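# Architecture at a glance
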Amino acid sequence: MSLKKFSELFGDLDSINSTNNKIEVLNNYFLSNDPIDNSWAIYLLTGKSNKRFISGRYLKNLFSQIYEYPQWLIDTCYLKVGDSAEVITLLLKNKTNSRKKKLSNISLNELLSETIPALSKLNEEDKNLEIKNIWETLPEDNHLIFNKILTGTFRVGVSIGLITKSISKLINIEEEIISHRLMGDFKPSIDSYEFLINKNINLQELNSKPFPFLLANTIEDKIFKNSINDFQFEWKYDGIRMQLIKRSGNVSLWTRGQELVNESFPELVEKMSHIKDDFVLDGELLVWNFKEQIAFDFSLLQKRINRKSPTRSIQIKYPIIFIAYDLLEINGRDIREIKLENRRIELEKYFSKWQIKTENNFSDIFKICDLIFPKDWPEALTYKEKSRENNTEGLIIKKKTSIYSSGRKKGIWWKYKVDPMQLDAVLIYAKGGSGRRAGLYTDYSFALWKDKELIKFASAYSGLTNIEIKELDKWIRKNTIEKFGPVRSLKPEMVFEISFEKIQISKRHKSGIAVRFPRITKWRKDKKINDADSLENAYELMKKIS
Amino acid sequence: MRTKQEYLIRYKDGNLYCELADIWIDPSKPVKKALITHAHFDHFTFGCEEYISTKETAILLKERVGDNIKIKTFEYGEEFKINGINISFHPSGHILGSSQIRFIFAEEKWLISGDFKLQKDQTCEQYEIVKTDYLISECTFGLPIFKWDESNKIANDISKWITNSPEKTSLLFCYSLGKAQRLLNEISQTNFKGNIYSHGSIHKMNNIYRELGIDIKDTIKIENKKKMDKLKGSLILLPPSLSKVSYLKNFKNIQTAFASGWMSIRALRKRSGYDKGFAISDHADWDGILEVVKKSEAKNVFFHHGDSEALSKYLVEKESINVLLFGK
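Since this is a predicted model, take the numbers as computed values, not measurements.

Counting its secondary structure elements, chain A contains 19 helices and 21 strands. Against the compact-globule benchmark of 24 Å for 546 residues, chain A has a radius of gyration of 26 Å, which places it among compact chains. For chain A, the spread of C-alpha atoms along the three principal axes comes to 75 × 70 × 50 Å. By residue count, 35% of the 546 residues in chain A fall in the buried class. Considering only contacts within chain A whose residues lie at least 6 apart along the sequence, 72% involve residues at least 24 apart.

If you want it as structure tokens, here you go:
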């Protein structure tokens, strides 16, 4: 089956909005293609790998070299298109020799398992020649797919959830099972596709795989009408959600993004393997401040997550902890259908058993989450407000009778996040967006007053409506002071309310502060720039919190 | 080098103006004398004392402005004189009646391209290469990422789009004058044989085209709102202004598409809010603009209607053509 079919699938999925139609298109594809191509299609569509063989910049340079195209012209085009792979695809149009399309029947499998891996083994000169050769012998319809795979930017509106639904419909097996099969590493092969569409459910083969995660919804007012005693209260940690699994002696650690991360946290895997029972725990991984018994900032965790086989000194410098808040399976018994309050009893029971029995003390790396017991809703609110003191983001509220289902199920778990911090800031720079926002100025930088000067303190790009974005884009074009490449400096005139989650000292920024998750929450057209906040206000905010 | 004021044609109040003849080209404000390249709304205004255009443009213009306007018409290629300047219209291939306008004065030739395309279009005269010294060209799609496919390929894509979803009503949004008729003409040559409906504004233009001898397939005028939910499997042509929820909810089970050159870019397609985009344009693509610039043999080129920065730089660097800037 040819790559062309996959290109068509990509085009169809890209232009269909309805979920049912997408599923139909996917299933038609799966039914009419080889298992091996299907497995690659799933691999690509779900973003299992976004491995970058070459950068977008490299691709643009290469095109410029081969076809003697001015670099600045490609850059100008890029500003309009917002995606290197697509720019080059558009520029390649009608450029290539149509007579010798020897790659017109190449399959997705050949492309991904032979052609592209072979590229990375070549030296630069041969690699460039080979890419040129592929461009010129691959039918035009396939250029976008090829360029996107090369640059690792293959993204389309297909989620794991959609593939799950599609396969589930295809073979008529519950979504939970498919979702289970799709978790974690998915190596494209005939076997992996056939395993996915196997109509017989085999528990053994699912052994190391996590359960689909149950996610919390944003707090709803209606829950305050219920008795406080119906709920279990936990701190909402700002770490990485994970399932820690031990089955048949093997420990595996899975993120919610379905990655197996054993290699990043070997000390945890090692300690947990000494526990005699088998289990599946749901919890949070954090870098832990043992002295104060609170979590360190998320930025320290980032130093661990992307590092495989960390050295002993890294392990000491960034000590991790796994905080379990749920027990899903114990010694092969799936207890997700048991009520949360009873699962909690089991969790506590086993935790104390393990503490006594395990020779190798694990209290420095594993604990269960503490519960909070507010007397009434006002007190719950007080806890929430205090959450910044212990470096948490608020509360998680769980219905005591809830079973552990999957996805963002309504009406059982809620996150009650502490209100964001806010400052009013002045827009001073704008930069062209990429992808869907190409051609519009959508990346903004904001400043606060320091004496009579405006100092940049945060950049944000989310929070405005499409209509506001267009309106602001127009204003930006008319009020540009200077252009520096894609960036424009602007007349200070517009004030925006910027919300963020965390504020801390930073030596790397001119303002001396750094904020986390800054976003625009209001266009303050009612405010003049003199009404905007000062850096001093920001420092006060910081003091108030710590 | 001459100052801007000394050019035969220059920008005045944001419009093209020839002082020697005291005549404006496609003015956006009422003036005494207006040369009109074609009948799109952004190329004429109400209230001019006198309009001058081709015969087809005059008919379309009257439909839009009113019967009582004073309008003088000339054939393509027919020269007429104003204050000693020879002026003539030449086909620009944009829509029915659309023209380039050439001025000759004291052996100096000026050409205003109007909106133009080189692609084949059975609903209007093919673009004519006109030699000139000075060229004033549009450059709506003045970047090399714009390269049009043959229009019959796009028509086949549209046909497939409709027939692949027989359960749906397919709404295709397009400009009511020119694009709609070109699409109808092309679609009637594809495998799609279902019913085609068109909105009143498009229907009206279809009729004028037909009266002027252009082969346009019969369409059913969308009138009865009550029946609009029973149109599955058919194609409906609508102007882009109707692409809003309040209108679309009259239909059941729809898929929407927009036919425009901008739809060749994925980000714009996504942002447009239509399910699908068909990249078909009545403007020249990058290669088309370059071809016209070269074949016109113009030594001096001005651009307007578009982002001309990259195009100008390219012509100066790569083709050594003198690109001038208008003082707006």
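Counting its secondary structure elements, chain B contains 8 helices and 19 strands. The C-alpha atoms of chain B give a radius of gyration of 21 Å, which matches the 20 Å a tight globule of 328 residues would have. Counting across all 328 residues of chain B, residues that qualify as buried make up 48%. Considering only intrachain contacts with a sequence separation of at least 6, the fraction spanning at least 24 residues in chain B is 58%.

Residues and elements named next belong to chain A. At a minimum axis distance of 8 Å, the contact between helix α6 (residues 84-92) and helix α9 (residues 143-150) shows a crossing angle of 145°. The two elements α6 and α9 meet at a crossing, and its hand is right-handed. Note on element contacts: α9 touches α6 through H143, L144, N147 and K148, opposite A85, E86, I88, T89 and L92. Of the residues assigned to the contact of α6 with α9, the class counts are 4 nonpolar, 3 polar and 2 charged.

Here the focus is the interface of chain B and chain A. The partner chain A presents 21 residues to the 16 residues of chain B that form the contact. At the level of secondary structure, the elements contributing two or more residues to the side of chain B that touches chain A comprise α6 (266-272) and α8 (309-319) of chain B. Of the residues forming the side of chain B that touches chain A, the biggest block, 5 residues, is contributed by α6 of chain B. Among the residues making up the side of chain B that touches chain A, the classes are represented as 8 nonpolar, 1 polar and 7 charged.

A word on the nonpolar core. Ranked by internal contacts, the top residues of the largest apolar core, which has 146 residues, are A41, C77, V81 and V87 of chain A together with L172, I236 and L237 of chain B. Top element by residues in this core is helix α3 (residues 35-45) of chain A. It accounts for 7 residues. Once you skip the residues sitting within four places of it in the chain, L172 of chain B turns out to touch I158, L235, I236, L237, A257 and A259 of chain B. Core analysis: the second largest hydrophobic core is formed by 42 residues, F211, V251, V287 and L347 of chain A among them.

Here the focus is helix α7 (residues 108-120) of chain A. Residues and elements named next belong to chain A. The first and last C-alpha atoms of α7 sit 17 Å apart over 13 residues, in line with the 18 Å expected at 1.5 Å per residue. Within the span of α7, buried status applies to L108, N109, L111 and L112. Buried residues belonging to α7 abut α1 (3-15) and α3.

Moving on: the environment of T45 of chain B. Residues and elements named next belong to chain B. Considering the arrangement of structural elements, one finds T45 in the loop between β4 (33-35) and β5 (50-54). Residue classification places T45 among the partly exposed residues on the basis of 18 C-beta atoms within 10 Å. Sequence spacing of T45 and D121 is 76 residues, and the spatial spacing of their C-alpha atoms is 27 Å. With residues near it in sequence (within four places) discarded, T45 still touches P27, S28, K29 and P30.

Quick look at the environment of K417 of chain A now. Within the secondary structure, K417 of chain A is located in strand β12 (residues 413-417). In contact with K417 of chain A, not counting residues within four places along its chain, are K236, E393 and G394 of chain A.

Right, let's talk about unusual backbone geometry for a bit. Residues and elements named next belong to chain B. One non-glycine residue, D22, lies in the positive phi region at around 45°. Looking at the element boundaries, D22 is found in the loop between β2 (15-18) and β3 (23-25). Within the chain, E297 stands out as a residue other than glycine whose phi angle is a positive 60°. Following the sequence through the fold, E297 ends up in the loop between α7 (286-295) and β18 (300-304). Judged by the 13 C-beta atoms lying within 10 Å of it, E297 falls in the partly exposed class.

Take the confidence of the model for chain A next. Taken over all residues, the pLDDT of chain A has a mean of 88, while the share at 70 or more is 95%. The spread of mean pLDDT over the elements of chain A runs between helix α11 (residues 175-182) of chain A, the lowest at 74, and strand β7 (residues 320-330) of chain A, the highest at 96.

Residue and element names in this part refer to chain B. At their nearest, the axes of helix α3 (residues 179-187) and helix α4 (residues 200-211) sit 9 Å apart, and the two run at 70° to each other. In terms of their interaxial angle, α3 and α4 are classed as roughly perpendicular. Note that α3 runs across α4; the crossing there is right-handed. Residue-level contacts link A180, Q181 and L184 of α3 to I202, M205, N206 and Y209 of α4.

Here the focus is the environment of T163 of chain B. Residue and element names in this part refer to chain B. Of note, T163 is situated in helix α2 (residues 151-163). Note on T163: 16 C-beta atoms within 10 Å, which makes it partly exposed. Between the C-alpha atom of T163 and that of L235, which follows or precedes it by 72 residues, the distance is 9.7 Å.

It is worth spelling out the pairing of strand β13 (residues 421-432) of chain A at this point. Residue and element names in this part refer to chain A. Extensive coverage of β13 is indicated by the burial of 9 of its 12 residues. Relative to strand β18 (residues 495-500), β13 is paired through 6 bridges, and the arrangement is antiparallel. Within β18, the position partnered with M421 by the bridge is F500. Alignment of β13 against strand β14 (residues 441-450), held across 6 bridges, turns out to be antiparallel. From the neighbouring strand, A430 faces β14, where its bridge partner is Y444.

Residue and element names in this part refer to chain A. In space, the 5 strands of this open sheet follow the order β1-β12-β11-β2-β10, with mixed pairing throughout. The open sheet is flanked by β1 (217-218) and β10 (371-372), the only strands paired with a single partner. Here strand β2 (residues 231-237) pairs with β10 via 2 bridges, running antiparallel. Opposite E234, over in β10, you have L371 as the bridge partner. Relative to the sheet, helix α17 (residues 377-386) contacts β2, β10, β11 (392-399) and β12, its axis offset from that of β11 by approximately 145°.

The rules behind each value
Residues numbered from 1 in each chain as written. Chains lettered and ligands numbered in written order. Predicted model: local features only at pLDDT ≥ 70, side-chain atom pairs only at ≥ 80, totals over all residues. Helix = DSSP H or I, 4+ residues; strand = E, 2+ residues; numbered from the N terminus. Rg over C-alpha atoms; globule rule 2.2 N^0.38 Å. Buried ≥ 20, exposed ≤ 12 C-beta atoms within 10 Å, placed from the backbone. Contact = placed C-beta atoms within 7 Å. Axes fitted to C-alpha atoms, helices over the stretch in contact; angles between N-to-C directions. Left-handed = near helix turned anticlockwise from the far one by under 90°. Nonpolar A, V, L, I, M, F, W, Y, C, P; charged D, E, K, R; others polar. Core = buried A, V, L, I, M, F, W, Y, C linked by C-beta atoms within 7 Å. Expected span 1.5 Å × (residues − 1). pLDDT = per-residue confidence, 0-100. Parallel < 35°, antiparallel > 145°, perpendicular 65-115°, else oblique. Pairing = 2+ DSSP bridges.

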